[in-house]
Amino acid sequence: MLALKNKDINLLRSSEKSSLLRFLALYTVLATMILLLLGIFYYKSQEELMFSNERIKLSSYANEQVKELKLLHHYFPSRTEYPRSYNFNSAIYDIERVKIFSTLKNSDVNFDKEIYRSGDKIHFVKYLDDYYLGAKYLFLEIDEDKEWYSKTITNIIILGILTLVIMAIFGLFFVHILLRPMKNSIMLLDNFIKDTTHELNTPITAILANVEMMDTNVMVEKNKKKLHRINIAAKTVSHLYQDLTFLTLNHNQQSKDEWIDLKKLFEDRVEYFTILAGSKKVTFYLDLNYSAIYMDIIKMTRVIDNLISNAIKYNKRLGAITIILRKEYFIVKDSGIGIEDSKVSAIFERYSRFNNSEGGFGIGLNIVKSIIDEYGLKISVESVLGEGTDIRVEFLKASIGNGDSND
Amino acid sequence: MIKRIIVISLMLSALLYAETKSENIKENKKENIYEHNCIPCHRYLPSSLGDMYMRYLKTFSGEMTLKAALKAFLKEPLEQTSVMSNLFIDRFSVKDKTLLNDKQLDEAINIYWDLYNVRNKLK
């Protein structure tokens, strides 16, 4: 969320995003728990404050009641009427906690607390030293004033939301600090690639141009093979150069969309990669129907090149690459090493590679995904380890041309 | 036939009367344990048994506690364990040990508790 503002590093990898989300989730949970604890402490302190106010009043009532019990005890059994008051209800229990007499509305009593809330009543217990009428415990009951409760809950909600907002601001600040080293390292890598790319252009162009110009008819077979290898190597570097250029320069440029004849484009790109595929004796099988799409041709070329390049790179010797093109989709299928299920979701991450035996920066499929996402296309990967990988790209109906559309 | 009915009725009535009589005797016997063993001596004291019950109640509170304390005192009366005032003890001294066995003592104490129990009397 924060990193996306910077276009140079807007491709935070999903693992980094998930780390960020995990940090935010943890931070939110911890902040909520702290607020909850503070809320509970505040509630308890307010309750205690209310109890301390009520305690004074109830102690005074209890003393009055004890006097009445003393009188009744003295005159018992000639007087048998239990003392009652308009201010409170009361009950007496003996030392064995057996009820002697009660006028309590809520008979749920607790012998171990001096003052407590019981339903909508407050109970206060006085422990008697002289057991008048056998009473060890004198319970007094009054109605609870709910005003403190509503005030406390309102305060908790308002203060809680305010604190959460303040903590969220602090959280964002901390996330900035946390992400800075990660951003710096990605930026460093991007800058390195950008700088390196500038230095690659001239030598690659020179090599490829000179290889094309060389007359192979006058060469001995040994030199022909050497030149062939130079051509393959130069094309590999050229492909990498184009990826890097796209990543560092073209990616942020305005797209020049036009109708592309995909069948023709596939045929061109397959021809381009034939020499590279030949180095591993990989055979192309093409099943191409006419299809046209409204897209930037440079970007579509990057998608096709990267998919074919990967299909060659991760293929077996004497393997095959099948390309199927239909009006609404295309599939690039290889007979390569395949990808483990657990790694399929990570293949589109920048700087991620299937294995370390093959070269590359791990940016090809990341570029493919960014272009696919930019045009709202859909890409899916099906892979069986040891058997091969199918990559299917589906087009948007709005961007597909008619069979005769070729403008 | 009528004679037989009259005879059977008379026999049944006699049987019922005998049973009722025996229950009453038992009841009286129970009361007698308290009345014969407690009231005669306390009758001549200025503090009634009711007053003494209230003293016990004020000191021991609960039923089990009171009964246990009273039983212990009756079996082993001591000045220190008496609930009565020093003035009372100085004048009338502490009573003699009870001659009742445990079962009789429990019966007498239960009758005493039921007789003066405040719980059923409070309104």
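In short, a report on the structure. (Residues numbered from 1 in each chain as written. Chains lettered and ligands numbered in written order. Predicted model: local features only at pLDDT ≥ 70, side-chain atom pairs only at ≥ 80, totals over all residues. Heavy atoms only, no water.)

A short note on the overall build of chain A
Then, number 1: Secondary structure assignment for chain A yields seven helices and 12 strands.
Then, number 2: Split into buried and exposed, the 407 residues of chain A put 42% on the buried side.
Then, number 3: Sequence separation of 24 or more characterises 68% of the internal contacts of chain A that already satisfy a separation of 6 or more.
Then, number 4: Accessible surface, chain A: about 22800 Å² in total, of which carbon and sulfur atoms supply 57%. (Helix = DSSP H or I, 4+ residues; strand = E, 2+ residues; numbered from the N terminus. Buried < 20%, exposed > 50% of the residue type's maximum accessible area, 1.4 Å probe, protein only. Contact = heavy atoms within 4.5 Å. Areas by Shrake-Rupley, 256 points an atom, 1.4 Å probe, with all protein chains shown as cover.)

Considerations on the overall build of chain B
Then, number 1: Of the regular secondary structure elements, chain B holds six helices and zero strands.
Then, number 2: When the helices and strands of chain B are listed from N to C terminus, the series reads α-α-α-α-α-α.
Then, number 3: Per-residue burial for chain B yields a buried fraction of 30% across its 123 residues.
Then, number 4: Put simply, 63% of the contacts in chain B that link residues at least 6 apart link residues at least 24 apart.
Then, number 5: Here chain B displays about 8700 Å² of accessible surface, and carbon together with sulfur accounts for 58% of that area.

Concerning a nonpolar patch on the surface
All names here are of chain A.
Then, number 1: A surface patch of nonpolar side chains, amounting to about 820 Å² of accessible area, comprises Leu 26, Leu 30, Ile 34, Leu 36, Leu 37, Leu 38, Ile 40 and Phe 41.
Then, number 2: Its place among the elements puts Leu 37 in helix H1 (residues 14–75).
Then, number 3: Of the residues examined, Leu 37 reaches a relative accessible area of 47% and is grouped as partly exposed. (Patch = residues over 30% accessible without salt bridge, like charges linked within 9 Å, V, L, I, M, F, W, Y side chains within 5 Å. Salt bridge = Lys/Arg side-chain N within 4 Å of Asp/Glu carboxyl O.)

Some thoughts on helix H2 (residues 147–213) of chain A
Then, number 1: The first and last C-alpha atoms of H2(A) sit 94 Å apart over 67 residues, in line with the 99 Å expected at 1.5 Å per residue.
Then, number 2: The sharpest bend along H2(A) measures roughly 40 degrees and falls at A:Leu179, with the proline A:Pro181 sitting one to four residues further on. (Expected span 1.5 Å × (residues − 1). Bend = angle between axes of the 7 residues up to and from the residue.)

A closer look at the environment of A:Phe76
Then, number 1: Following the sequence through the fold, A:Phe76 ends up in the loop between H1 and strand S1 (89–93).
Then, number 2: The exposure class of A:Phe76 is buried, given its relative accessible area of 7%.
Then, number 3: Linking A:Phe76 and A:Leu133, residues 57 residues apart in sequence, is a C-alpha distance of 8.5 Å.
Then, number 4: Setting aside residues up to four positions removed in sequence, A:Phe76 forms contacts with A:Leu133, B:Met54, B:Val118, B:Lys121 and B:Leu122.

So, the sheet that holds strand S12 (residues 388–394) of chain A
The strands making up a sheet associate through hydrogen bonds between their backbones, and the pairing can be parallel or antiparallel.
All names here are of chain A.
Then, number 1: Spatially, the five strands line up as an open sheet ordered S7-S9-S10-S12-S11, and their pairing is mixed. Two strands bound the open sheet, and with one partner strand each, they are strand S7 (283–288) and strand S11 (378–384). Shown here is a sheet whose adjacent strand axes are inclined to one another by a mean of 10 degrees, direction ignored.
Then, number 2: Of the pairings in the sheet, the one linking strand S9 (residues 320–325) to strand S10 (residues 329–334) comprises five bridges and is antiparallel in character. Residue Leu 325 lies in a different strand from S10, and its bridge partner there is Phe 330.
Then, number 3: Sitting on the sheet, helix H4 (residues 262–279) touches S7, S9 and S10, and the angle it makes with S7 is about 175 degrees. (Pairing = 2+ DSSP bridges. Axes fitted to C-alpha atoms, helices over the stretch in contact; angles between N-to-C directions.)

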